Amino acid sequence: MRPLRACLGAAAAVTLAAAGTTALVAGNASGATTALSNRWYAAAPYLMPLDNDPPSAAAIMDATGLKAFQLAFVLAPNGGGCSPTWGGTAAVPSDTAVQSVINTIRAKGGDVSVSIGGYGGTKLGQTCADAASTAAAYQQVITKYELHAIDFDLEEPEYENTAAIRNEIGAAKILQQNNPGLYVSVTTAGTADGTGWFGKQMLLEAKSQGFTPNNFSIMPFDGGFNGAASQTSALTNFNSILQSTFGWDQATAYAHEGFSGMNGRSDTGEYFTQADFQTVLDYATSHNMDRFTFWSLNRDRQCTPADNGGRTSGTCSSVAQNSWDFAKYSVKFAGVTPPTTTPTPTPTPTPTSCKTAWSSTTVYVKDDEASYGGHNWKAKWWTQNEVPGASQWGPWTDEGAC
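Just so it is clear, the model here is predicted, and its values are computed rather than measured.

A. Structural context of the sheet that holds strand β14 (residues 369–372). Pairing is antiparallel in the open sheet, where 3 strands are placed in the order β14-β15-β17. With partners counted over all chains shown, the strands left at the sheet margins are β14 and β17 (396–401), one partner each. For this sheet, the mean inter-axis angle between neighbouring strands, taken without regard to orientation, is 30°. In terms of strand pairing, β14 meets strand β15 (residues 375–379) through 4 bridges, oriented antiparallel. Within the sheet, the bridge partner assigned to Ala370 lies in β15 and is Trp377.

What follows is the structure, given as structure tokens:
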């Protein structure tokens, strides 16, 4: 994704869908909270709290009824090492910024899961020596933020590294054992056949280690998909893979299966609308699947006229929508009816003055700014000759039109 100890059975999923938020308890002064129902962690959409123009979690909660957020991503330090950071740059032990976001969410009766890995950066499974040290790094995250849920987002290039995947799956198993009740999801790439060769190898690694998370979720986008029908077909095929790999019957496989979509325009130019999300949501609930999430809340708002030029953005969806339209499908999956009032679309901001034009020969360091393509951009780290906006996961943060 640019990114979970007992499993939810079919009957439990139906019960939770009807019960909604019975497990909710508001946070105390320290920011700690009792766990939500697992159904909320299963419904939590991804939110980047430090990048891609983070929206207000409190505003999203007020507008939609959403209670859980999947914060992304914990990585190894950009300079190497086996210690957890946000995005490779912000050390978890000294973090206050993400903690503040979590405290705000918990003060309103919500909670968070944390996602490790994702599409960009270096993963801890690649840099830590073994499963035990990988788990120790992630335990720092669980302990600091008093987590009840965690997501392992295993994809390129990490999931092509056998040793790294062994470390990640081994770490997930250790965390599951050492943190009773921890909700653990494993997210990986989706293909028309369900998942590809490396995804299947990851499942075999989990089987060999005797590890069963709450769910294995696939991301059916960026792989030649065309709307909801292609996604539900992939989910059906992935269910067969889970059956054959673990020896589960169909219902058990669905109870361990999850969907992780991408709202609006994908990285490869596919489009997934609100209607597509409703179709996949109906599929997920009718098959008693364990998880329904998407990438991302940072994108769950309409692009401004300057942004909406047929490109994929990390800060808007490139489809017509009201703010937080897609979050409401997560709320429905959790068994709650979203508010019926239509949110006011995010107003078009007044363009600011442009910074000095970006140059391919200039060296930029963290927080340096430049203009390119009618937008201002801020460097996330050291970079040279990397075009702003060329990749959603590149070194530049889009600060908007100028």
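B. Here's a closer look at unusual backbone geometry. Between Ala72 and Phe73 the backbone carries a cis peptide bond, its omega angle lying at -10°. Checked against the element boundaries, Phe73 lands in strand β2 (residues 68–75). Residue Ser296 is reached from Trp295 by a cis peptide bond, and omega for that bond is 0°. We note that Asp222 has phi near 60°; this positive angle belongs to a residue other than glycine. With respect to the secondary-structure elements, Asp222 resides in the loop between β8 (215–219) and α9 (228–246). Located in the positive-phi region is Asp367, a residue other than glycine, with phi close to 80°. In this structure, Asp367 sits in the loop between β13 (363–364) and β14.

Cut-off values and rules
Residues numbered from 1 in each chain as written. Predicted model: local features only at pLDDT ≥ 70, side-chain atom pairs only at ≥ 80, totals over all residues. Heavy atoms only, no water. Pairing = 2+ DSSP bridges. Helix = DSSP H or I, 4+ residues; strand = E, 2+ residues; numbered from the N terminus. Axes fitted to C-alpha atoms, helices over the stretch in contact; angles between N-to-C directions.

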